[in-house]
Amino acid sequence: MGCTGGKSVPTNDDENKREEENRKQIDENRKKEEMKKAEESKEKAEEAEAKKKAEEQKAKKKAEEAKNNENDLTKDDNIEVVSYTEDNMNLEKLRELELNEHNYLRSLHGVPPLTLNTKLNDIAQKYAKIIAQKKVMEHSKPKDRELDGQYVGENLYMKMSSAKLDYICGDMSKSWYSEIKDYNFETGESTGVTGHFTQLVWKDSKEVGFGIAFNEGYLFTVANYFPGGNFNMATTFKEQILPPLPVNEKSCKDLFNLENAKQRELKIINLIRKENGAGDLELDENLSQHALKFAEETAKTRFRSTAQEINDEYHSVSVIELNLRRGAEYKGGEGMKKIYNNRKKTDADDFTTMMSNALVNRNYKKVGFGYYFVDETKLIVYAVFDGY
């Protein structure tokens, strides 16, 4: 350190030292700033991650709620709401459901349940494709469907439509079983076509296979049974076709509670609307009276429409005919569920899709329900809305 006139004069070393300290201070400040930014960035990232997890949890909860709602909209003790088109066919599931329906109907007569046989499934599926290609419902030759050299029974079912076809699981079984009305259990004889029914409940049949095929507006199903029924001369029809077991329960119509059905129908339809962002509907008794009238007309004319006229104004409607199990109570809601669950399985201009659109129309505020029993197990469910 030099002196001039008694005063200290900075040297180059002092200047360098201060500059070094300044640089260190700047570096330290920069590091602190960087650390601060890093901390803020980390906090933002943690907040974003926490928000993401919260949203994922919320989405998961919503998905679980939607699934629960879907289960509520599809599950019912009395009706299996499952249908397939050519595009979404699940043959394994269809066979399982059809087997269940077969065995339920057989149980009404006290005969043993059937089991699925893979070979019979293959035989049935192969022949379903053949008749679908021909668009002709004709039985196969007995020798072409033998199993281990023995006779195999065969039932056929056909459905046709100008719209895209869907198959409601259980329909073939119910169709064949409906022939029971022409069968005389006392004599073992029939007054009409009953061969499908008798094969379905043939006591000695043990196994079954199912096939289904579509072709340009036609749908064909085939069921093959082993041992085959109807043509077994070693036994008689009276031995094989047992009458229905006595039931001590009331009929579906006797069990039906109109007010409870309407309230549950309303609950289900509002669940459907909530799932689709639409507000709740209110039950309107005036619309319900018209719905009852339209349901009765539908039963008589067998004509369905997507709209009905009331006081010179058109109203959207949803209508469906349900096949209830014998002795089952219709609790309400199943009709609307069935229409709604089939919405993606038909063409855009199909009745079912148009009717399902009415269920979730956000402009509607009121609805009325009507019910009409065609017979002991067939019920027409009718909904009329306050707009079109």
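Residues numbered from 1 in each chain as written. Predicted model: local features only at pLDDT ≥ 70, side-chain atom pairs only at ≥ 80, totals over all residues. Heavy atoms only, no water.

Chemist: Break down the overall build of the protein for me, with residues and values.
Modeler: Each helix and strand counted, the protein has eleven helices and 15 strands in total. Counting only residues that meet the buried cut, the protein has 42% of its 388 residues in that class. Intrachain contacts of the protein at a sequence separation of at least 6 include 71% that bridge at least 24 residues. Summing over all exposed atoms, the protein offers an accessible surface of approximately 22,300 Å²; the carbon and sulfur share of this is 48%. (Helix = DSSP H or I, 4+ residues; strand = E, 2+ residues; numbered from the N terminus. Buried < 20%, exposed > 50% of the residue type's maximum accessible area, 1.4 Å probe, protein only. Contact = heavy atoms within 4.5 Å. Areas by Shrake-Rupley, 256 points an atom, 1.4 Å probe, with all protein chains shown as cover.)

Chemist: Any details on the packing of helix α8 (residues 258-275) against helix α10 (residues 334-341)? Residues and values, ideally.
Modeler: Taken N-terminus to C-terminus, the directions of α8 and α10 make an angle of 25°; their axes are 8 Å apart at the nearest point. The angle between α8 and α10 falls in the class roughly parallel. In contact with R264, E265, I268, I269, I272 and E275 of α8, α10 contributes E334, G335, M336, K337 and Y340. When grouped by side-chain class, the residues that make up the contact of α8 with α10 number five nonpolar, one polar and five charged. (Axes fitted to C-alpha atoms, helices over the stretch in contact; angles between N-to-C directions. Parallel < 35°, antiparallel > 145°, perpendicular 65-115°, else oblique. Nonpolar A, V, L, I, M, F, W, Y, C, P; charged D, E, K, R; others polar.)

Chemist: Can you lay out α10 for me, pointing to particular residues and giving the numbers?
Modeler: For α10, the buried fraction is high: eight of the eight residues fall into the buried class. For α10, the set of buried residues is E334, G335, M336, K337, K338, I339, Y340 and N341.

Chemist: Please set out the sheet that holds strand β12 (residues 307-310) residue by residue, giving values where relevant.
Modeler: Spatially, the five strands line up as an open sheet ordered β11-β14-β15-β13-β12, and their pairing is mixed. Edge positions in the sheet fall to β11 (282-283) and β12, since each has one partner strand and no second. Its contacts with the sheet put helix α9 (residues 285-301) on β11, β12, β13 (313-323), β14 (366-373) and β15 (378-385), and the angle it makes with β14 is roughly 35°. Contacts from helix α11 (residues 351-359) reach β13 and β15 within the one sheet, and its direction differs from that of β13 by about 115°. (Pairing = 2+ DSSP bridges.)

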